[in-house]
Amino acid sequence: MTQVRVRFAPSPTGFLHIGGVRTALFNWLFARQQKGVFILRIEDTDQSRSTDESIQAIIEGMKWVGLDWDEGPFRQTERMDLYSSHAKQLLEHGQAYWCHCKAEELDARRKEAEAKGLSQKYDGRCRDRGLTNAAGDAALRFKAPQEGETVVDDLIKGKILFDNSVQDDLIILRSNGYPTYNFSVVVDDALMNITHVVRGDDHLTNTPRQIPIFEALGFPVPRFGHLPMILGSDKARLSKRHGATSIMAYRDMGYLPDAMVNYLVRLGWSHGDQELFTRQELIEKFSWKNVQTSPAVFNPEKLLWVNAEYIKISPLTDVAQALMPLLEAAGLTDDVRAAPAGWLAQLVVLVKERAKTLVEMVDWVRPYFGQAATFDEEAAKKFLTPAIAPILGKLLTRFEALPVFSKQTWEAAFKQLVEEEGVKMGQLAQPVRVALTGRTASPGLFDVMEVLGRDRTLSRLRQGIERASRA
RNA sequence: GGUCCCAUCGUCUAGCCUGGCCUAGGACGGAGCCCUCUCAAGGCUUAAACACGGGUUCAAAUCCCGUUGGGACCA
């Protein structure tokens, strides 16, 4: 068995988008499972649209989702002589020819053919004229076989037959000397010994155009696999108008890279009823057989659920680490550094059941920073009333009598007071919650006290009483 | 227009290859209930799909043909 060699070949014309990541992911998974090689290749022959920033964005995105490559990144613009030398080889072997037809002429003839209801493909006018490129403005066309059929045994869709008689003699070198997409891909895939070309569905009809080029060049033909597209909620191809499509936007929205990966793989691939997979499981269980043949709609709600699951099950230190940049942006990192080691992890435990993203988590965690609580006005108005002040005072007195904080004893003291006063738990709990956190929603009261510690619990309680008395 | 691809709950999907175990399973989202100091989380319950029409067969979501509807590519 020869070693598996696969590649991800994005064009650097913007950020790295969701669809690209998924394509990369399937390739990567297969490479890692097969102990093969994963190659990153930048298809930047379209210089008018390619930018260095885009290349950086691709690399940054790949790193963020943890898709490491073994070779590359290669850039097509550094390989231009390879395309021309292989084009020349085809010309010398009579498998390509110079075509002098101008774009306008081709256009006119195509329209004419269309009007007559004939095939719109190139009419082969220059095919056997043995023209040269003396003027330097001719395009080089590939002599595509016109008989028989080309078979694509797709890894995902199975056998697909294409009739060669409808295949065009496609241009492989433009009149400006630049290779066309279909030609440079073949040269690259062949020279890089790619064994499995796995790409988006949109390239399916390019495949029967490319296979004869591999053959004419004398290279073995790789296996092909075509991944179904990702659609937006309106079933149209996923684009900016469906919301964020850049992978990095999801980092900024507080998604964990592993959650992204898990969701994206499940979008088009399945393993029975299983929804959550570790990276290792994905590598072990992946198979082309279970890749869906039909397109999938990107569903942000399910992604959000997957992310929430990952926040709950990921190692605390990982979540805390991923949270740090966001805390930094919120200006909260000084407190983290001042706090004892493990304090942040303790906080994460407190809120990880409630936060579906890291961005939400920052908000959940905010009340535990700083000495004083910041009151939500409505919450304070509703719960910190003069009527409740006396009982809050009694609670404070009892807590002050307890020299060290202990969840059990403080909870017992609290409940005893509730019982003695003949009120409901909630009647006291809500005001205390507002006093301690400033808000009406929080984790369990005694967990909150534990994270705040004895001193801050008492001082915030005093602050609450003060507010209640003057209301 | 030509060629090709696709078609199971709103969405992601299992089942399809190797027909019967499918009165079609799971998940997200929705609805309801339970738990409860709030918010979550969790638990339970529930509504919701084989695009349509023919055929083959004792039997079809599963095989075949067609229709319709989406999509891609070529320009």
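First, a word on scope: everything that follows refers to the structure included in this document.

Concerning the overall build of chain A
Item 1. Helix and strand content of chain A: 19 helices and 12 strands.
Item 2. Over its C-alpha atoms chain A spans a radius of gyration of 32 Å, topping by over 25% the 23 Å that the globule rule assigns to 471 residues.
Item 3. Along the first, second and third principal axes, the C-alpha set of chain A runs to 105 × 45 × 40 Å.
Item 4. A separation of at least 24 residues holds for 75% of the contacts in chain A among residues at least 6 apart in sequence.
Item 5. Counting only carbon and sulfur atoms, one obtains 51% of the accessible surface of chain A, whose full area is about 22,400 Å².
Item 6. Placing the 59 positive and 60 negative side-chain charges of chain A at their respective mean positions leaves the two points 3 Å apart.

A look at the protein's contact with RNA strand B
Item 1. Near RNA strand B there are 46 residues, and of these R110, G268, R354, R433 and S442 occur at the shortest range.
Item 2. Of all RNA strand B atoms lying within 4 Å of any protein atom, the proportion belonging to sugar or phosphate reaches 77%.
Item 3. Take L445: an N or O atom from its main chain is 3.3 Å from a base nitrogen of RNA strand B.
Item 4. Secondary structure elements with two or more residues in the surface near RNA strand B: β7 (158-163), β12 (296-297), α10 (300-313) and α18 (425-437).
Item 5. In the surface near RNA strand B, the residues fall into 15 nonpolar, 13 polar and 18 charged.

Some thoughts on the pattern of salt bridges
Item 1. All chains considered together, the criterion is met by 30 salt bridges.
Item 2. Residue R439 pairs with D363 through a salt bridge whose shortest N-O separation is 3.6 Å. Here the residue R439 occupies a position in the loop between α18 and α19 (445-470), and D363 occupies one in helix α14 (residues 358-365), the gap between them amounting to 76 residues.
Item 3. By sharing partners, the salt bridges in this structure join R7, R41, E43, R79, D188 and D189 into a single network.

Here we look at the nonpolar core
Item 1. Counting residues in each nonpolar core, the largest one holds 108 residues, and the members touching the most others are M62, W288, F414 and V432.
Item 2. For this core, the element with the most residues is α19, which contributes 10 residues.
Item 3. Once residues within four sequence positions are removed from consideration, F414 is found in contact with L395, F399, M425, L428, A429, V432, L445 and F446.
Item 4. The next biggest cluster of nonpolar side chains, apart from the first, holds 31 residues, and it includes V152, F162, V187 and I211.

What to know about helix α11 (residues 316-329)
Along an α-helix, residues three or four apart share an orientation, since each turn contains 3.6 residues.
Item 1. With 14 residues, α11 extends 20 Å between its outermost C-alpha atoms, agreeing within 8% with the 20 Å of an ideal straight helix rising 1.5 Å per residue.
Item 2. Listed in full, the buried residues belonging to α11 are V319, A320, L323 and L327.
Item 3. For α11, the secondary structure elements touched by its buried residues are α10, α12 (333-338), α13 (343-351) and α14.

So, the pairing of strand β2 (residues 37-42)
Item 1. For β2, the tally of buried residues reaches 6 of 6 residues, placing the bulk of the element in the interior.
Item 2. Burial along β2 is two-sided: V37, I39 and R41 facing one way and F38, L40 and I42 facing the other are all buried.
Item 3. Examined bridge by bridge, strand β1 (residues 5-8) and β2 share 4 bridges and lie parallel to one another. For R7, the partnering residue across the bridge sits in β2 and is I39.
Item 4. Crossover β1 to β2 through helix α1 (residues 18-33) is right-handed.
Item 5. Two elements, β2 and strand β3 (residues 71-75), share 3 bridges in a ladder whose sense is parallel. If you follow I42 over to β3, its bridge partner there is R75.
Item 6. Between the parallel pair β2 and β3, the chain is carried across by helix α2 (residues 52-64), and the sense of this crossover is right-handed.

Conventions we followed
- Residues numbered from 1 in each chain as written.
- Chains lettered and ligands numbered in written order.
- Predicted model: local features only at pLDDT ≥ 70, side-chain atom pairs only at ≥ 80, totals over all residues.
- Heavy atoms only, no water.
- Helix = DSSP H or I, 4+ residues; strand = E, 2+ residues; numbered from the N terminus.
- Rg over C-alpha atoms; globule rule 2.2 N^0.38 Å.
- Contact = heavy atoms within 4.5 Å.
- Areas by Shrake-Rupley, 256 points an atom, 1.4 Å probe, with all protein chains shown as cover.
- Lys, Arg positive; Asp, Glu negative; His and termini not counted.
- Charge placed at Lys NZ, Arg CZ, Asp CG, Glu CD.
- Near = heavy atom within 4 Å.
- Polar contact = N/O pair within 3.5 Å; in protein donor to acceptor, adjacent residues only side chain to side chain.
- Nonpolar A, V, L, I, M, F, W, Y, C, P; charged D, E, K, R; others polar.
- Salt bridge = Lys/Arg side-chain N within 4 Å of Asp/Glu carboxyl O.
- Core = buried A, V, L, I, M, F, W, Y, C linked by side-chain atoms within 4.5 Å.
- Buried < 20%, exposed > 50% of the residue type's maximum accessible area, 1.4 Å probe, protein only.
- Expected span 1.5 Å × (residues − 1).
- Pairing = 2+ DSSP bridges.
- Right-handed = clockwise from strand over helix to strand, strands pointing away.

Note that every value here comes from positions in space, so none of it alone points to a role or purpose.
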